[in-house]
Amino acid sequence: MVDITPADGIPPAEVAEVELYHPHSWWTKYVFSQDAKVIAIQYSATATGIGLVALVLSWLMRLQLGFPGTFDFITPEAYYQFITMHGMIMVIYLLTALFLGGFGNYLIPLMVGARDMVFPYVNMLSYWIYLLAVLVLVSSFFAPGGPTGAGWTLYPPQAIMSGTPGGQDWGIILMLSSLILFIIGFTMGGLNYVVTVLQGRTRGMTMMRLPLTVWGIFTATVMALLAFPALFVACVMMLLDRALGTSFFMPAISEMGEQLQHNGGSPILFQHLFWFFGHPEVYIVALPAFGIVSDLISTHARKNIFGYRMMVWAIVGIGALSFVVWAHHMYVSGMDPYFGFFFATTTLIIAVPTAIKVYNWVLTLWRGDIHLTIPMLFALAFIVTFVNGGLTGLFLGNVVVDVPLSDTMFVVAHFHMVMGVAPILVVFGAIYHWYPKVTGRMLNETLGRFHFWVTFLGAYLIFFPMHYLGLMGVPRRYAELTDMTIMTESAHHLNSFISIMAFIVGFAQMVFLFNLIWSIRHGREAGGNPWRATTLEWQTPQTPPAHGNFGKDLPIVYRWAYDYSVPGAKEDFIPQNMPGSFGPSREQA
Amino acid sequence: MAETLTHIGKTEPRPSGWQGIAADWSSDQRAFKNVSWGKAMMWIFLLSDTFIFGCFLLSYMTARMSTRVPWPNPSEVFALRIGGSDIPLILIAIMTFVLISSSGTMAMAVNFGYRRDRRKTAILMLLTAALGATFVGMQAFEWTKLITEGVRPWGNPWGAAQFGSSFFMITGFHGTHVTIGVIFLIIVARKVWRGDFDTGRRGFFTSRTGRYENVEIMGLYWHFVDLVWVFIFAFFYLW
């Protein structure tokens, strides 16, 4: 009897030596690199670049809203194009790419004690396809008819009709193609992140010893792998509707008095597919932020995270629940009231694990040795912002309150608070926190504090008044609000005020970018572990970590990631790779 | 204050059932013991791909259930006139038979791969690829027949326009999967034939060495594509 068990398929008991690809030239080292750290920087730089485009678009929109009629070049069509591209870029090409492609690539291998992602070549392809998706997106600005103006939700039938900018031109085709490319590229990276966390950890690193950052990114990636398919399918079908004249989403409809060829499709089907992706997407952005902020708070308050296990299960629970709430984006689509009741209930249930997380962050701070470093300031700002945005979510989650508030500025204020400002605050905090590891130097403190206070206060001055405008009934997605009777004089003043604050906050981001570039050469030398943190990425022999991350031997993990201020220990932190003889652990068994 | 050094320096007997799963997941290094990175990655990819096909099929079913014009009868549309009588679904039956058979040859290839029988493995993989290519060829014949009968993505002579749109989209997407599978089968078969997995020859792109397990990972994909076809067959042709 021949032994057919896959003898060479059984992995070694120890993940010691990954077959690393060693670059031979400048090109394979810095451009077509297979090193997750380089790919992470490429992802982050591309995301930041396209994010700047979205920032400028938001300025243009605020120019129009704050000072209507002053700027002739912002036509209603252009306004819709700005709003669409701003939303799509910010949600997908900036936040998703930055959290998963950027932070995921940099932190996962380092934090789990791996030499690299499990399939570096596929990981590299992931970035280049993402770049291609971004280029296709940008090309739509130069295409005849300009980019699509269908709104970031791309609802049919209007998205592919001639009244919408780009609807019968190139805009919508390029947008859908770009999204399809993004999803293909993301899948390549996402598979890597998931397998690295599940199968590529170092000795002693159990799932329940992973830093919460890894848990957040891991869960978000799993969700993305299950949610993006719905968007992929929706994009393919709409592309067929637009390019071949099928009628998946197009009902019998006439345009300019002319009956179109379409017949019998369902626009609501698109909404279901889109939001089956769209709602998990909120948490795809939020969960990495949850994870990162937990680590920032614990490190900078010199205290172990409160209720680590609960935090993990809350992340997993939020991830699972987010797949059964999507139709709360569709209360006004005319669906069965019983469905509305169901989705309102599931939506409100999400508040439970979310509240657990907020309480645990606060309890971690409680009697901690709080260092008001810049990462900590951003983390604290995140907690209040997230609570604020979450509370308005309770309003919008209820059908009876949502129906009148739907399509007003209240919705804009809500989602900008909860999934715009809050995750971006974490992104900033994380950059201030990990920049010393990436470059070896600290970011400038003075510029950092300026950046923090202007961004934090400015964001509130932008989005808090917007709630009032929404309650007043001011609709969103209107290019021109001058002749509306509900708009009082003071509301117009408020709009101008919001616009001015938007420019100031945008300016502060330029200061931040300057700081990023300036500090590479002129920042203070950071050393290997400036925050005296416990997780593995701070224990690398070199800073920035060399190819292969760790030296000859991979670290062995003896404790969880949160041994701060352990009584009886010499220092107020014990790194994860320090054996028990170095000090006791507070790890919950 | 317990110093937990999970699974370092000692091998515990693995408990059975759910406790075993819990023990694996709470251990270090790997959640799925004895599962290589490549195999884990393929499984997770297939899970994601399942959602894509699921969304396609659900969308098609929504369109079919909500249309107000009659849906063309698949048994008539997909009938072939052989020897003077219409035989419903005959081509689809042959296609399904061919594809399911290819799963069998694939499974045999995996078996011979682990036995290090390079020649048989490569031949069986090429046979699988040939059956897959036959399937795609018959699909091309089916498309041609329907197109000559006037079926278009935007309409057809017999009823709901969504019939043609869903048909071309779903079978086209599945056929693309089969085609990609055929290409990769040929690539892996070439590697097996040349003995790459014995000599440790490195891949052209990845510069990594492969193992005979790659045949099995290829097989996972192939069986998945076959399984999806069973669902398409049931929901599109038999409904």
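Along every chain, residues carry numbers that run from 1 in the direction the sequence is written. As a convention, the first chain written is A and the first ligand written is 1, with the rest following in written order. Given that the model is predicted, a residue must reach a pLDDT of at least 70 before its local features are reported, and side-chain atom pairs must reach 80 or more before they are shown or counted; all residues, however, enter totals for whole chains, interfaces and linings.

## Topic: the overall build of chain B
When its secondary structure is counted, chain B shows eight helices and two strands. Numbering goes from the N terminus for both helices and strands, where a helix is a DSSP run of H or I of at least four residues and a strand is a run of E of at least two. Secondary structure elements in chain B, listed N-terminal to C-terminal, are α-α-α-β-β-α-α-α-α-α. When we talk radius of gyration, it's over C-alpha atoms, and the globule rule is simply 2.2 Å times the number of residues to the 0.38. Here the C-alpha atoms of chain B give a radius of gyration of 23 Å, more than 25% beyond the 18 Å that 2.2 N^0.38 yields for 239 residues. By residue count, 36% of the 239 residues in chain B fall in the buried class. Contacts are defined on C-beta atoms placed from the backbone: any two residues whose C-beta positions lie within 7 Å are in contact. Contacts in chain B between residues at least 24 apart in sequence constitute 67% of all its contacts with a sequence separation of at least 6. The exposure scheme places C-beta atoms from the backbone and then counts, for each residue, the other C-beta atoms within 10 Å of its own, assigning buried at 20 or more, exposed at 12 or fewer, and partly exposed in between.

## Points about the interface of chain B and chain A
In this assembly, 53 residues from chain B lie in contact with 52 residues from chain A. Every element with two or more residues in the side of chain B that touches chain A is listed here: α2 (37-66), α4 (90-114), α6 (162-194) and α8 (213-238) of chain B. At 14 residues, the largest contribution of residues to the side of chain B that touches chain A is made by α2 of chain B. Side-chain classes are defined by residue name, with Ala, Val, Leu, Ile, Met, Phe, Trp, Tyr, Cys and Pro counting as nonpolar, Asp, Glu, Lys and Arg as charged, and the others, Gly among them, as polar. Classifying every residue of the side of chain B that touches chain A gives 27 nonpolar, 17 polar and nine charged.

## Observations regarding the domain arrangement of chain A
All names here are of chain A. The domains assigned to chain A are domain 1 (372-523) and domain 2 (527-589). The start and end points of each domain follow an automatic or database-based domain assignment. Distance from the C-alpha centre of domain 1 to the C-alpha centre of domain 2: 35 Å. Listed per partner, the contact involves seven residues of domain 1 and six residues of domain 2. Across the side of domain 1 that touches domain 2, the residue classes break down as three nonpolar, three polar and one charged.

## Some thoughts on unusual backbone geometry
For the bond from Pro-156 of chain A to Pro-157 of chain A, the omega torsion is 0°, close enough to zero to count as cis. Examined against the element boundaries, Pro-157 of chain A turns out to sit in the loop between α4 (120-139) and α5 (171-199). Look at the link from Thr-543 of chain A to Pro-544 of chain A: it is a cis peptide, with omega at -5°. Here Pro-544 of chain A is to be found in the segment after α15 (489-522). One non-glycine residue with positive phi stands out, namely Asn-34 of chain B, at about 65°. Mapped onto the secondary structure, Asn-34 of chain B falls in the loop between α1 (17-25) and α2. Phi is positive for Arg-116 of chain B, which is not a glycine, with a value near 65°. Secondary-structure assignment places Arg-116 of chain B in the loop between α4 and α5 (118-148).

## So, the nonpolar core
A set of buried residues qualifies as a nonpolar core if it consists of Ala, Val, Leu, Ile, Met, Phe, Trp, Tyr and Cys joined through C-beta atoms within 7 Å. If you look at the biggest cluster of nonpolar residues, it comprises 239 residues, and the most contacted ones within it are Val-214, Leu-231, Val-233, Ala-234, Phe-378 and Phe-382 of chain A. With residues near it in sequence (within four places) discarded, Val-233 of chain A still touches Leu-273 of chain A together with Ile-52, Cys-55, Phe-56 and Ser-59 of chain B.

## Describing the UniProt feature "domain: Cytochrome oxidase subunit I profile" (unreviewed entry) in chain A
Per the UniProt record, "domain: Cytochrome oxidase subunit I profile" (unreviewed entry) is found at residues 21-558 of chain A. Along residues 21-558 of chain A one finds 66% helix and 1% strand; the C-alpha atoms at either end are 29 Å apart. UniProt positions are given in the numbering used here, feature names are shortened, and annotations may be inferred rather than shown by experiment.

## Considerations on the packing of α5 of chain A against helix α6 (residues 212-243) of chain A
Residue and element names in this part refer to chain A. To define axes, lines are fitted to C-alpha atoms, for helices over the stretch in contact only, and angles between the resulting N-to-C directions are given on a 0 to 180 degree scale. α6 packs onto α5 with a crossing angle of 155° between their chain directions and a minimal axis gap of 8 Å. Considered as vectors, α5 and α6 are oriented roughly antiparallel to each other. In the crossing of α5 with α6, the sense of the turn from one axis to the other is left-handed. The class makeup of the residues in the contact of α5 with α6 is 24 nonpolar, three polar and one charged. Relative orientations are named as follows: roughly parallel for angles under 35 degrees, roughly antiparallel for angles over 145 degrees, roughly perpendicular for angles from 65 to 115 degrees, and oblique for any other angle. Crossings are sorted by hand: turned counterclockwise from the far helix by less than a right angle, the near helix makes the crossing left-handed, and turned clockwise it makes it right-handed.

## Some details on the packing of helix α2 (residues 36-66) of chain A against helix α3 (residues 76-112) of chain A
To describe two helices that pack against each other, one gives the angle between their axes and the distance between the axes. Residue and element names in this part refer to chain A. Running from N to C, α2 and α3 cross one another at 160°; their axes reach a closest spacing of 8 Å. The orientation of α2 relative to α3 falls into the category roughly antiparallel. Crossing handedness for the pair α2 and α3: left-handed.

## Notes on the confidence of the model for chain B
Per-residue confidence from the prediction method is given by pLDDT, with values spanning 0 to 100. Per-residue pLDDT for chain B has a mean of 91; in total, 95% of the residues score no lower than 70. Reported for the predicted complex are a pTM of 0.94 and an ipTM of 0.93.

## Some details on the environment of His-22 of chain A
Residues and elements named next belong to chain A. Position of His-22 relative to the elements: it lies in the segment before α1 (26-31). Residue His-22 is classed as exposed on the basis of its C-beta count, with 12 C-beta atoms lying within 10 Å. C-alpha of His-22 to C-alpha of Thr-196: the two residues are 174 residues apart in sequence and 19 Å apart in space.

## Focus on the UniProt feature "transmembrane region" (unreviewed entry) in chain B
Residue and element names in this part refer to chain B. Within this structure's numbering, the places UniProt gives as "transmembrane region" (unreviewed entry) are residues 40-61, 87-110, 122-141, 161-188 and 220-238. As annotated, residues 122-141 has a helix share of 100% and a strand share of 0%, and its two end C-alpha atoms lie 28 Å apart. Split by type, residues 161-188 is 96% helix and 0% strand. Its first and last C-alpha atoms lie 41 Å apart.

## Considerations on helix α14 (residues 445-472) of chain A
For an α-helix the count is 3.6 residues per turn, leaving residues at separations of three or four pointing the same way. Each residue after the first adds 1.5 Å to the expected span of a helix. Across its 28 residues, α14 of chain A extends 41 Å between first and last C-alpha, which sits within 8% of the 40 Å expected from 1.5 Å per residue. Where α14 of chain A ends, the next residue or the one after it, Gly-473 of chain A, has phi of about 105°, a positive value.

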